[in-house]
Every structure is written in C-alpha cells, then in structure tokens.
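In case you want the letters, here they are:
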Amino acid sequence: MLAIGTNAPEFKLHDNNENEVSLSDSKGKWIVLYFYPRDNTSGCTKEACDFTDAAEEFENINAVVLGVSPDSIPSHQKFISKHDLKVKLLSDPERKVIKEYEAWGIKKLYGKESEGLIRSTYIIDPDGKIAASWTNVKVRQKRKTGEIKHVDKVKEELAKLQQN
C-alpha cells in the first residue's frame, strides 16, 4: 500500500462515458478511489451497489467516489446500467494505474496463489495526498453483531479525517 501522507499518483483514465478523468480533476475534494477485480461478479457488484447506496452521503461531505478495474468502457456501461450504479467507473485495461496504486500482485484464493487485482481502497485528501488505505478488502463481513460493510468503514474514516 502507498504510505499515508505521500502524494497520490496522478492518473488519466477514461470513465464509463468515455470522458478522460484525472486525479487533478478533483483537486480540492476528498476522493475515495477503490480498485475492484471485475464488473458483474458477486463481490464487485455488492461493493459498487454499497458505494451507490452511499453516493449522496459522500457527495454531501465533498467526496468523489471512483471505481477502477481493468474492464473495458462497454463492460462498465453494461454494469452501471444493469445495477443502476451511481458511481463513476474508470477503465484501466493496461493496469498501469492499478499497479501504481499497488493494487496488483500475488493473492491467495482457496489456498492457491495467483497474480491479479487486489481489492483496495484509498482516501485521497483535497491536497492530493494519501489519507487512508485498505488492502485485501472484504466487501462485507459477517459478525455476531451483524454484517459490517466496507463502505461504512470508509465513511467513518472519512468523517474522522475531515474533523482533523
């Protein structure tokens, strides 16, 4: 993971509407940048829907939510349409930004190691610095007290950061 307090790597990727989006486009705002493996898979769909459900809350606290995967723009368009998503999805088919944000590497699934996208989330402050990060994200975790959603952890951390 990139170190807290370091400059977030600049990027330029195309979104689901084929517009170029860069980190500097959101300068002055908080950015939630999440990396996910693939459109229309169960965990990725839950994560995108959770961020969509919280989209208004993020907007109200001056935060932009951006999802990044290696999927194509047409794949993102279908994913958004199918699930009525309200988050902007960025396409990184060459995995350049994914690798710059250290969201690509060796991961374990059912005891097998393989190279792939490591589900990760960053909060980037209005000055473009890494303010918080999570790696090997579990979208939802069941506890005796109920289900914990990753998006709720992100909202809580963002609220804390904005108070400082």
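This text gives an overview of the structure that appears in the document. In this text the structure is predicted, and so the values were computed from the model without any measurement.

**Overview of the nonpolar core**
Nonpolar side chains tend toward joint burial in soluble globular proteins.
Logical step 1: With 25 residues, the main nonpolar core has Tyr34, Phe51, Phe58, Leu89 and Ile123 as its most contacted residues.
Logical step 2: Contributions of two or more residues to this core are made by strand E3 (30-35), helix H1 (42-53), strand E4 (63-69), helix H3 (73-83), strand E9 (130-135) and helix H5 (150-163).
Logical step 3: By residue number, the principal contributor to this core is H5, which donates four residues.
Logical step 4: Excluding residues that lie within four positions of it along the chain, Tyr34 makes contacts with Glu47, Ala48, Phe51, Val65, Leu66, Gly67, Val68, Val87, Leu89, Ser120 and Thr121.
Logical step 5: Among the nonpolar cores identified, the runner-up in size contains 20 residues, and Leu2, Leu33, Phe35 and Leu90 belong to it.

**A look at the pattern of salt bridges**
When their charged atoms lie close together, side chains carrying opposite charge are able to pair.
Logical step 1: Across all of its chains, the model carries eight salt bridges by this definition.
Logical step 2: Note that Asp152 and Lys155 form a salt bridge whose closest N and O atoms lie 3.3 Å from each other. Residue Asp152 and its partner Lys155 are located together in helix H5, separated by three residues, close to a single helical turn.
Logical step 3: Through salt bridges with shared partners, one network takes in Asp50, Arg140 and Lys149.

**A closer look at the packing of H1 against H5**
Logical step 1: Look at H1 against H5: their axes get within 9 Å of each other, and the N-to-C directions meet at 40°. Considering the angle they form, H1 stands oblique to H5. Handedness of the H1/H5 crossing: right-handed. In this structure, H1 uses Glu47, Asp50 and Phe51 to contact H5, whose residues at the interface are His150, Val151 and Val154.

**A short note on the sheet that holds strand E1 (residues 12-15)**
Logical step 1: If you trace the seven strands from one edge of the open sheet to the other, you get E2-E1-E5-E4-E3-E8-E9, paired in mixed fashion. Both edges of this open sheet fall to strand E2 (20-22) and E9, since each of them pairs with a single strand only. Neighbour to neighbour, the strand axes of the sheet diverge by 30° on average, direction disregarded.
Logical step 2: Note that E3 and E4 share six bridges and pair parallel. Paired with Leu33 across the bridge in E4 is Leu66.

**Here we look at the pairing of E1**
Logical step 1: Pairing geometry for E1 and E2, over three bridges, is antiparallel. When the bridges of E2 are listed, Leu13 appears paired with Val21.
Logical step 2: With antiparallel pairing between neighbouring strands as the criterion, E1 and E2 make up a hairpin whose turn holds four residues, including Glu18 at a positive phi of roughly 70°.
Logical step 3: Sheet topology places E1 next to strand E5 (residues 88-91); two bridges connect them, and they run antiparallel.

Conventions we followed
Residues numbered from 1 in each chain as written. Predicted model: local features only at pLDDT ≥ 70, side-chain atom pairs only at ≥ 80, totals over all residues. Heavy atoms only, no water. Core = buried A, V, L, I, M, F, W, Y, C linked by side-chain atoms within 4.5 Å. Buried < 20%, exposed > 50% of the residue type's maximum accessible area, 1.4 Å probe, protein only. Helix = DSSP H or I, 4+ residues; strand = E, 2+ residues; numbered from the N terminus. Contact = heavy atoms within 4.5 Å. Salt bridge = Lys/Arg side-chain N within 4 Å of Asp/Glu carboxyl O. Axes fitted to C-alpha atoms, helices over the stretch in contact; angles between N-to-C directions. Parallel < 35°, antiparallel > 145°, perpendicular 65-115°, else oblique. Left-handed = near helix turned anticlockwise from the far one by under 90°. Pairing = 2+ DSSP bridges.

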